[in-house]
Amino acid sequence: MSEREAILSRIREALKVSAPHPGAHDHNEPPAGDLRNFSKWLPAVGASQAEQIALFRANSTELRTDFRLIDSMSHMVSEIASISGKENWQKIARHRGALIDDALSMLDLPSITTDDGYDVNALESSDAGITECDALIAQTGTVLVTSRSAGGRALSVLPPHHVVIARRDQLLPDLPSAFALLKKKYADSYPSMISLITGPSRTGDIERILVLGAHGPKKLTVLCY
Amino acid sequence: MIPFFKEFKQQATRLTHDLRHRGLIQTALKKYEISRDAKKSRFQSWETARQAAAETKWEAINHLDKYLVEFAQKLEARGTHVHWASTAEQARDIIVKIVRDKKARSIIKSKAMTAEEIHLNDALEHAGFEVVESDLGEYIVQLRHEAPYHIVFPAMHLTRGEISALFQRELGSAPTDNPEELTMIARRALRGKYIAADIGITGVNFAIAETGMISITENEGNARLTAALPKTMISLLGIEKVLPRLEDLALFLPMLATAGAGQALTGYNTMYGGPRQPGECDGPEEFHVVLLDNKRTHLLADAEQRDALHCIRCGACLNVCPIYKNVGGHTYGTTYQGPIGSVITPHLRGLQDWKHLSSASSLCGACTETCPVKINLHHHLLQNRRNAMAEKPVWWEKLAFKGFAFVVNRPRLYDLGKKLARIGQAFHPLIKGTAFDPARSWTQTRELPELAPQSFHELWKERK
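Quick caveat, the model's predicted, so the values are computed rather than measured. (Residues numbered from 1 in each chain as written. Chains lettered and ligands numbered in written order. Predicted model: local features only at pLDDT ≥ 70, side-chain atom pairs only at ≥ 80, totals over all residues. Heavy atoms only, no water.)

Student: Can you break down the overall build of chain A residue by residue, with the values?
Tutor: Looking only at helices and strands, one finds 6 helices and 12 strands in chain A. Dimensions of chain A, computed from the C-alpha atoms along their principal axes, are close to 70 × 50 × 45 Å. Residues counted as buried form 55% of the 225 residues belonging to chain A. When the accessible area of chain A is evaluated, it comes to approximately 9,300 Å², of which 51% is carbon and sulfur surface. Between the mean site of the 24 positive side-chain charges and the mean site of the 27 negative ones, chain A shows a separation of 3 Å. (Helix = DSSP H or I, 4+ residues; strand = E, 2+ residues; numbered from the N terminus. Buried < 20%, exposed > 50% of the residue type's maximum accessible area, 1.4 Å probe, protein only. Areas by Shrake-Rupley, 256 points an atom, 1.4 Å probe, with all protein chains shown as cover. Lys, Arg positive; Asp, Glu negative; His and termini not counted. Charge placed at Lys NZ, Arg CZ, Asp CG, Glu CD.)

Listed below in structure tokens is the structure:
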């Protein structure tokens, strides 16, 4: 018998006796309602886009994500140029995509494009990794990326500054809607990596004191137009 | 070898008297409590979310065979190698073999309690490979050749001064008491390791049956890098990690973050459904998933305590446990500490050797109340005590209770006992706290309450 069969048969044997219903030990009446409707129990999110933008902004402030709402693509281009100048970027890493092509159209810097394969050391020494995303999530201030939408697995985590270019209509209210989007968009063939990025890389492993940039990006900038 | 319970008692006695240690842990956990409460209060209904989580895990665990088969099939369909291991030894052998076949030189690893459980690092080092822990806390305890102190905060017992001294000694860095500088020292030391490593090993927080994915929760980005750069990725998980559907994560990820670390959502929650797929530009060429039983099916067979397999390893029960806060994580001598460790270790490593952990409890129920998946923790501690006694009765305890029952069933004899005790009490100060004192384990650190001059029974008679 293979180990697979051995484990499965032990499981089937064990499950012949049924377990008590969960939460029964609690003397209070178990909460009723449609338990599967998670949106009703998770933190509340306003219905309008303005409320959701405000919530994403508030969460970003708490997480130390630099969130900027921009009114046009031409301002997006100048915003990136100004960040680049301020941080003295020498070279950047990016992937191909309509939003990125537009946003970086005026940025005259050496760059690597990860789509065609790349040298890891070159990516590591890039000053910024610039990606698109699948969605922004207001409830938690999260950026949803996949290996297909954001130039692979490493681009959004190896360079010291991750810059996300997003459209306003990519903003979703909450986590359940983000998973619904993933299903709708990818159910036939999921990307090999799906990541919910919530703030820059962080650690509290030394005396529970917050430090940014533990291994991943020290800075996360979300530019939304 | 000293028996486990003696070791536990010695360490517990030492650490409860170590005021510096207690101060450190209580400061750290106070910060956790404040942020956890703030994040919990943002939920529209934390209690309903708990019930929904408990029922979802119940569904998964009580149909574990079905969901595991689905999980493995979906992963295999997209080119992942799925391995099944009944024991820790089999899991170690599987992983060592993969590493050997790849002729690997160096291995980068992100945090995995299951790997601690099977002593994977020892096995890999013994086979001649270098393994580097990449989670900052794990890296620190690895440099100290120590086990993690806490399942979520591995280096919670150390001060920045101790960490600085460690880095000076092991990495030759300059002294500093700035946590940010210390983190950057580790960041610099590890960057090269990611790039050089041939193999990346990770743990798993959730296994999604519906889509054949593993989900990893972390704050630092070290697991992201571990799963992105090396050519081969190996993920090790216990069979209880399964969730039925992808959208279940919409509930479990924020609950894990809130209960575990007082965050709304952890920095990176990442799902992996296979090795690099056609059209993708990076990621491992090979992806291995190792499913570990290691006595989990023993716990599964105990229907009464089966819900202990709902555990998502958030560590919330450790953080609220008065015993954990006083004796600290290392005292347990187990991979999983605190209330959940006390419940499951007897199943994983033997009831008679580990039953003492179930007695190291005030049964206050704080663990049960805080558990995000509603595991009936403190009742399971009682059940472990009952089971241990039924399996191997202690003769003198049985005799003592028989004697007690004999006396309390005879009011005259009981009255006589009370009178004698009042007389005896007058002489107690002569032997108090010495080896002759029958109440020594109490009187060493506490005052014995005085017997009232009249019992309730006597007072009642008088009033009537």
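Student: So what about unusual backbone geometry? Which residues, and what values?
Tutor: A positive phi is found at A:E207, a non-glycine position, where the angle reads about 55°. For A:E207, the position within the fold is in the loop between strand 10 (202-203) and strand 11 (211-212). Phi at B:H145 is positive, roughly 55°, even though this residue is not glycine. Turning to its location among the elements, B:H145 is positioned in the loop between helix 8 (136-143) and helix 9 (160-171).

Student: So what's going on with the pairing of strand 2 (residues 106-109) of chain B? Which residues, and what values?
Tutor: Side-chain direction in a regular strand flips from residue to residue, so the side chains alternate between the two faces of the sheet. Residues and elements named next belong to chain B. Every second residue of strand 2 is oriented toward a common face, with S106 and I108 on one face and I107 and K109 on the other, all of them buried. Here 4 bridges tie strand 2 to strand 3 (residues 130-133), and the two strands are oriented parallel to one another. Residue pairing for strand 3: S106 is matched across the bridge by E130. Two strands pair when backbone bridges link them, and strand 2 and strand 4 (residues 199-202) are joined in this way by 3 bridges, in the parallel orientation. Bridge pairing links K109 to I201 in strand 4. (Pairing = 2+ DSSP bridges.)

Student: Describe in detail the sheet that holds strand 8 (residues 242-243) of chain B, supporting the description with residues and values.
Tutor: Strand order in the open sheet made by the 8 strands is 8(A)-5(A)-6(A)-9(A)-9(B)-6(B)-5(B)-8(B), with mixed pairing throughout. Because the sheet does not close on itself, it has two edges, and the strands there are strand 8 (171-172) of chain A together with strand 8 of chain B. Where strand 6 (residues 213-218) of chain B and strand 9 (residues 268-272) of chain B come together, 5 bridges link them in antiparallel fashion. In the strand pairing of strand 9 of chain B, B:I214 is matched with B:Y272. Packing of helix 6 (residues 175-186) of chain A onto the sheet brings it into contact with strand 5 (135-137), strand 6 (142-146), strand 8 and strand 9 (193-197) of chain A together with strand 9 of chain B, and relative to strand 6 of chain A it is tilted by some 15°. (Contact = heavy atoms within 4.5 Å. Axes fitted to C-alpha atoms, helices over the stretch in contact; angles between N-to-C directions.)

Student: Help me get a handle on the packing of helix 16 (residues 338-349) of chain B against helix 20 (residues 377-391) of chain B, residues and values and all.
Tutor: Residue and element names in this part refer to chain B. One way to put it is that helix 16 packs onto helix 20 with a least axis distance of 9 Å and a crossing angle of 35°. As for the relative orientation of helix 16 and helix 20, their crossing is left-handed in sense. Seen from helix 16, the contacting residues are P339, I340, S342, V343, P346 and H347; seen from helix 20, they are L377, H380, L381 and N384. When its residues are assigned to classes, the contact of helix 16 with helix 20 shows 6 nonpolar, 4 polar and no charged. (Left-handed = near helix turned anticlockwise from the far one by under 90°. Nonpolar A, V, L, I, M, F, W, Y, C, P; charged D, E, K, R; others polar.)

Purely spatial values, then, with no claim about function.
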